[in-house]
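Results of the structural survey
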There are 4 protein chains.
Amino acid sequence: MPTAPVHRFASDNNAGVHPVVLDAIARANTGHATAYGDDEWTLRANGLFDELFGRPVDTFMVWGGTGANVLALATMLSPAGAVVCTDSSHINVDETGAPERVLGAKLIDVPHRNGKLVPEQIEEFAHFRGVMHHVQPSVVSITQSTEWGTLYSADEIAAICDTAHRLGMKVHLDGARIANATVALGGTAAALRSFTVDAGVDVVSFGGAKNGMMHGEAVVYLDRSLSSSAQYVRKQVTQLPSKVRYISAQFIALLEDDLWLANARHANDMAQVLHRAVCDIPGVRLAGPPAVNSLYPALPPALIEPLRDWSFFYDWDVHHHQVRWMTAWDTTPADVDAFAQGVRHFSDAL
Amino acid sequence: MPTAPVHRFASDNNAGVHPVVLDAIARANTGHATAYGDDEWTLRANGLFDELFGRPVDTFMVWGGTGANVLALATMLSPAGAVVCTDSSHINVDETGAPERVLGAKLIDVPHRNGKLVPEQIEEFAHFRGVMHHVQPSVVSITQSTEWGTLYSADEIAAICDTAHRLGMKVHLDGARIANATVALGGTAAALRSFTVDAGVDVVSFGGAKNGMMHGEAVVYLDRSLSSSAQYVRKQVTQLPSKVRYISAQFIALLEDDLWLANARHANDMAQVLHRAVCDIPGVRLAGPPAVNSLYPALPPALIEPLRDWSFFYDWDVHHHQVRWMTAWDTTPADVDAFAQGVRHFSDAL
Amino acid sequence: MPTAPVHRFASDNNAGVHPVVLDAIARANTGHATAYGDDEWTLRANGLFDELFGRPVDTFMVWGGTGANVLALATMLSPAGAVVCTDSSHINVDETGAPERVLGAKLIDVPHRNGKLVPEQIEEFAHFRGVMHHVQPSVVSITQSTEWGTLYSADEIAAICDTAHRLGMKVHLDGARIANATVALGGTAAALRSFTVDAGVDVVSFGGAKNGMMHGEAVVYLDRSLSSSAQYVRKQVTQLPSKVRYISAQFIALLEDDLWLANARHANDMAQVLHRAVCDIPGVRLAGPPAVNSLYPALPPALIEPLRDWSFFYDWDVHHHQVRWMTAWDTTPADVDAFAQGVRHFSDAL
Amino acid sequence: MPTAPVHRFASDNNAGVHPVVLDAIARANTGHATAYGDDEWTLRANGLFDELFGRPVDTFMVWGGTGANVLALATMLSPAGAVVCTDSSHINVDETGAPERVLGAKLIDVPHRNGKLVPEQIEEFAHFRGVMHHVQPSVVSITQSTEWGTLYSADEIAAICDTAHRLGMKVHLDGARIANATVALGGTAAALRSFTVDAGVDVVSFGGAKNGMMHGEAVVYLDRSLSSSAQYVRKQVTQLPSKVRYISAQFIALLEDDLWLANARHANDMAQVLHRAVCDIPGVRLAGPPAVNSLYPALPPALIEPLRDWSFFYDWDVHHHQVRWMTAWDTTPADVDAFAQGVRHFSDAL
């Protein structure tokens, strides 16, 4: 049996903390600082988000990704409002119903098309508006990059925002892997802005933990008119960290010197390498090269468990025997080699 | 004007991370680990909680204190159930209504008596049981040490548990400062057990962040029959950390070699020193020496703002001009001296 | 043993339907009508509410009193908002936590003073505003007439509204027995307006079922800016009746020819008669003559159960052995005589 | 222009109250009765439900259909539980998100197949069980007859119940039109039992208002172990009527002498007549004869508004220009003739 990779391909949140980020945490550990965000690190991190988006934005640090999404949506929903999202979205299938429980709101999930939704799927519910028996479509939530490793172009997001806004709705972008998307779409602040603030997105969940941080995400209000109650709602949905400085310090480390892009670029690159290494293994059915940092191979059912026991990864579509292999900021070429050898080994053994 | 203390007296969550804890985080940063708690650090931390309580318990790491309380209560409440707590409890006044929002349940707040509640206050609502127009008292939540820096004796908690259980209710203990309480009541695992598992407490929110950790609390089910749905509910209330190992590693650092007790003992001791240093300053009205790590002086109204501007602290009872001064694991005698000098200075200046 | 009264003194919702109201239901039973309120009866009833309040108001029929309160509050609360009310208010103790469950919001209950709250009790929470750890006081809810059978004067309500509005809060009036209050305060539309629209109340739960209707309450938005989402929220909180015409027809019967006042006047008068008949019975401790249609005698504990077994009534303060005796639109002098004889009989038998 | 029908085809809840039911209401109007269900009519109605289902069941009267569904589901859901239902189900599309708001739970909506779901669609979510990131499938909710006027056979429901129970789930049947279904499946109590209690259904929302009642539905617990908290939860979700007797009296009128079946039989028969009268009108695209009391014709878009202006009806699938024409207990052959003439008239005019 081949030796398993040192860094496996289960998830980018299985990776550790980037040393620069860890060092930033240690450097923030200097005596007392006011809790709950009134500290110099948070002030600095907030300023970096302003710079990143090229305008004053309102930024709120939170504990985790589900919490970020819930806070964002809680402040965006109108009364009796509903969220339109894809059926494969994280909020719909991977948050154990947190949105429904904490928001008390319906998610209207539409069939994803390669992980994405299109404006027509928002229009479908336009006739709900003004009808007292129906929830009122209020927010569109999209994920960039998507849960299927795909990307919206800036134009596609702009079209979604146009449709949503025309119908009186707001647009939330779940950016758990926004860095990977930014790299894939140009790798600059301008690229980021093209599919967020320039496209008309109202609120972004800006991910940290999947890109080299230990913990922490940021809810960034590009439309600042939506943030007026966010400080209260953040605490009410259990997402106000006490020692916020340790999250803010991590974001500073990521955003200064573009470490967030470097980390994501590396992960994306490694996914390309992985794709090349496994795409011709018999039984591994794959789409073309990945857009970001994950592959979704359909595998022979008998291959899955032995391979997973050897080096852990997640199912993605159990009904089609599709799994997910994901790279991270710390994946090495040696990891890819080792993993590809393992896939070949267990495949040959079938 | 005197020099402000290096470590101020605002809150123990203004303190930094204890170096041993920070070191443990760094040592946990070794490559990949399965997210969401299926890792060696969490296994070890869970084991340490079993040892600490002297029996197998079910432990769930969460992000923060409000989240810990909400998760605990969510799994303890019966249908149409309500939580009996004091009017000064953190869940009642300092969580922005998170319990009501996330639980959809009423808190029945009874007037605190020196920060505490007594069994008779539970009995008062016994007549609600079985009446369809009233919420059904289902959980008693107490805080140890309390929000007013006081302590329940083990016997007092046992009496509360007896009453609660006799009425079909469960008992939750908010232990945001459980270490400070444990030190004050004997400073041993036996002391901890005397007022928790031996007294009949069902579920404990076991605090970390106020005692030298960076982030993380543990919900500990002493009554394991209550934990069957906790893994789902934890995620549903947005309290499932992804990289749990970094929380678990901190708890390991605290619990091994009794650092949790040493930290709390130091904080408690410093509060004694602070009490002695300020108790005779004119205008500072104080109760006797503190039980744990905080003082609640009533101050001349005109003293409060100048003093706070000089070295920050929180109001505690605005209607009686009472504030809170709190020590932490890193408070030094020099901090106490500096602060006492400042109080005297601003008091003299009135 | 004396013969029990034909109409007992348990509650005005134990009474039947007034014959004029029942007749109105029968007359509304003419073929098909659009469901959900787009019918001629509802149009007419809405117009009568406009006339009653002397201005255009927005009226929404709902099923019941708890539902009316929940709908009103749901549309009035701001994010992370809380409701200030008395500890004896119906929403606080007699709705099984429906507000907390359906609103996800905290009720801040203040000690009632003879069933009422005073502006100072609202001011107490002014310091919560703008503090992220506290719920944001958002609505004051008062009951007129109160759960203890007392009345706010128009001036008292105006003072509450002034304080609330100054603090950015809205005022809800639970008018389950608003007719009894109106009669007691003058018995005219002008009297009603004096303590509602003229005093600054924003939204009223206007009761029907306790005043001769079979079912149905109306949520009346005096501040119409608050009603924009009410049609959706009404359905969402399960309070949209399908065959609304049968509720509206009842309100028409009540409001036309002032039957609502006649019914309440009779009930109030009967309570006066009852007070005179029982106030000198040994052991029956009573306050002075009732303001509206209920008495709250403190009784010898041993008297309560035999008397209740003979003719049912409710406990009101179990800790002080206080019960409630309530008259209704159909109470007769003979009922009062019979009941007073019974009280005397069981009292003598102690 | 032809004369519009006296009784239109908008909905069975546009119909009035059956005279026998109205008479029962009037006869129940005899003085005082204990509110909230402790009255002789409710005792009798509960007994009739026991007889109807052939075993002791636990019955709770509620205000309306949405409320019935919400109460049923609230008492059936496990922690972090979700409801599997069709995308066309009333709970999913016609209750303005009441289930999500009041339950805080996710509805997993699967594509309906002719209005129905099949056991395989439940199995699809079996892999969610035990996974902390997913809601826990907990209840299957089906509607009989369905929102598309179709029927499950008793065997189909039994198969659903078998699958659900095998997966640890409960089965709720939304019986807003259970009478129409019962008639179509045999028209006897035995027929009713065959697709409910005998098939393994756990809880039924038993409709009244669409079958000749004025208001009121019953939540019937066939699995009585699920009803222990129903009395509290009913009030908590705002669905406890005060004067329950007037609902119970209506159910007595329906259930005694099988008026519920006679009413539904008439409505079903009229739908057959309507189908024959309109099925050959050019442009009216219809499936075969209706199973119960509604037709879902696809119409030329230009026909819809003129026809609706003449005699009101609802859209059913706006994207396919499908509308719903529904008969009721009071529809007459003359109504059908008039309506068919109108359809023909407006169709010819295109």
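The model shown is predicted, which means the values in this text are computed figures rather than measured ones.

Cut-offs used in this document
- Residues numbered from 1 in each chain as written.
- Chains lettered and ligands numbered in written order.
- Predicted model: local features only at pLDDT ≥ 70, side-chain atom pairs only at ≥ 80, totals over all residues.
- Heavy atoms only, no water.
- Axes fitted to C-alpha atoms, helices over the stretch in contact; angles between N-to-C directions.
- Helix = DSSP H or I, 4+ residues; strand = E, 2+ residues; numbered from the N terminus.
- Parallel < 35°, antiparallel > 145°, perpendicular 65-115°, else oblique.
- Left-handed = near helix turned anticlockwise from the far one by under 90°.
- Contact = heavy atoms within 4.5 Å.
- Nonpolar A, V, L, I, M, F, W, Y, C, P; charged D, E, K, R; others polar.
- Phe/Tyr/Trp six-rings, centres within 6.5 Å; stacked < 30°, edge-to-face > 60°.
- Buried < 20%, exposed > 50% of the residue type's maximum accessible area, 1.4 Å probe, protein only.
- Disulfide = S-S within 2.5 Å.
- Buried area = accessible area lost by both parts, 1.4 Å probe.
- Salt bridge = Lys/Arg side-chain N within 4 Å of Asp/Glu carboxyl O.
- Polar contact = N/O pair within 3.5 Å; in protein donor to acceptor, adjacent residues only side chain to side chain.
- Least-squares fit on C-alpha atoms with pLDDT ≥ 70 in both.
- Pairing = 2+ DSSP bridges.
- Domains from an automatic or database assignment.

All names here are of chain D. Contact pair helix 12 (residues 259-278) / helix 14 (residues 333-348): the axes reach a minimum separation of 9 Å and the direction vectors enclose 30 degrees. Classed by the angle they form, the pair helix 12 and helix 14 counts as roughly parallel. As helix 12 packs across helix 14, the resulting crossing turns out to be right-handed. Residues Met270, Val273, Leu274, Ala277 and Val278 of helix 12 touch helix 14, and the partners they reach there are Pro333, Val336, Phe339, Ala340 and Arg344. Its residues placed into classes, the contact of helix 12 with helix 14 shows nine nonpolar, no polar and one charged.

This next bit is on the packing of aromatic side chains. Geometry of an aromatic ring pair is reported as the spacing of the ring centres plus the angle between the planes. Within this structure, the stated rule accounts for 62 aromatic pairs over all chains. Seen in terms of ring centroids, Phe125(A) and Phe128(A) are 5.4 Å apart; in terms of plane orientation they differ by 85 degrees. Their pairing is edge-to-face. Take Phe125(A): its relative accessible area is 14%, and that puts it in the buried class. Relative accessible area serves as the criterion here: at 8%, Phe128(A) is assigned to the buried category. Between Phe206(B) and Trp260(B), the aromatic rings sit 5.5 Å apart at their centres with planes inclined by 50 degrees, giving tilted as the arrangement. In this pair, Phe206(B) is assigned in strand 6 (residues 203-206) and Trp260(B) in helix 12 (residues 259-278), connecting sequence segments 54 residues apart. Judged by relative accessible area, which is 1%, Trp260(B) ranks as buried.

A covalent bond bridging the sulfur atoms of two cysteines is what the word disulfide describes. The final tally for this structure, using the stated rule, is zero disulfides over all chains. Cysteine Cys85(D) remains unbridged, with the sulfur of Cys85(A) as its closest cysteine sulfur at 15 Å.

As a further point, take unusual backbone geometry. Note that the residue after Gln144(A), namely Ser145(A), is joined by a cis bond; omega there is -10 degrees. Among the secondary structure elements, Ser145(A) is positioned in the loop between strand 4 (136-143) and helix 7 (154-166). Located in the positive-phi region is Ala80(B), a residue other than glycine, with phi close to 60 degrees. Within the secondary structure, Ala80(B) sits in the loop between helix 3 (65-76) and strand 2 (81-86). Ala80(B) sits in the buried class, given a relative accessible area of 5%. Phi is positive for Thr96(C), which is not a glycine, with a value near 50 degrees. With respect to the helices and strands, the residue Thr96(C) is situated in the loop between helix 4 (90-93) and helix 5 (98-103).

This paragraph deals with the interface of chain B and chain D. Residue-level contacts link 18 residues of chain B with 18 residues of chain D. Per-residue buried area on chain B facing chain D is highest for Met132(B), His133(B) and Tyr232(B); these three make up 42% of the total on that side. Where chain B meets chain D, there are zero salt bridges. Where chain B meets chain D, there are four residue pairs in polar contact (both at pLDDT 80 or more). It is helix 10 (residues 230-236) of chain B that provides the largest number of residues to the side of chain B that touches chain D, a total of six residues.

Taken residue by residue, the interface counts 53 residues in chain A and 53 residues in chain B. Both sides of the chain A and chain B interface together cover about 4,400 Å² of buried area, and 53% of this is carbon and sulfur. Broken down residue by residue, the surface that chain A buries against chain B is led by His32(A), Arg101(A) and Lys243(A), which jointly contribute 19%. Where chain A meets chain B, there are zero salt bridges. Applying the counting rule to chain A against chain B returns 41 residue pairs in polar contact (both at pLDDT 80 or more). Elements that contribute at least two residues to the side of chain A that touches chain B include exactly helix 1 (19-27), helix 3 (65-76), helix 5 (98-103), helix 10 (230-236) and helix 11 (245-255) of chain A. Partitioned by chemical class, the residues of the side of chain A that touches chain B number 23 nonpolar, 21 polar and nine charged.

Our next topic: the relation of the copies chain A and chain B. Of the transformation superimposing chain A on chain B, the axial component is 0.0 Å and the angular component is 180 degrees, with the fit at an RMSD of 0.0 Å. Taken together, the turn and the small shift mark the pair as related by a two-fold rotation axis. Within chain A, Val102(A) has its C-alpha nearest the rotation axis, a separation of 2.8 Å. Most of the interface of chain A is mirrored in chain B, where 100% of its interface residues are also at the interface.

So, about the relation of the copies chain B and chain D. Aligned on chain D, chain B shows an RMSD of 0.0 Å; the corresponding rotation is 180 degrees and the shift along the axis is 0.0 Å. A share of 100% of the interface residues of chain B reappears at the interface of chain D, consistent with the copies meeting face to face through the same patch.

Take the sheet that holds strand 8 (residues 294-295) of chain D next. Sheet architecture is open: three strands sit in the order 8-10-9 (chain D), paired in antiparallel fashion. On the outer flanks of this sheet lie strand 8 and strand 9 (314-317) of chain D, each paired with one strand and no other.

Before going further, it helps to spend a moment on the domain arrangement of chain A. All names here are of chain A. Here chain A is partitioned into domain 1 (20-257) and domain 2 (259-348). Between domain 1 and domain 2, the C-alpha centre-to-centre distance is 27 Å. With both sides pooled, the region where domain 1 packs onto domain 2 buries about 1,800 Å², and carbon together with sulfur makes up 64% of that total. Three residues stand out in domain 1 for area buried against domain 2, namely Trp148, Asn180 and Val183, and they jointly supply 32% of the buried area on that side. Here domain 1 and domain 2 share zero salt bridges between them. Summed over the shared surface of domain 1 and domain 2, the number is 10 residue pairs in polar contact (both at pLDDT 80 or more). Elements that contribute at least two residues to the side of domain 1 that touches domain 2 include exactly helix 1, helix 8 (178-184) and helix 11. With seven residues, the single largest contributor to the side of domain 1 that touches domain 2 is helix 8.

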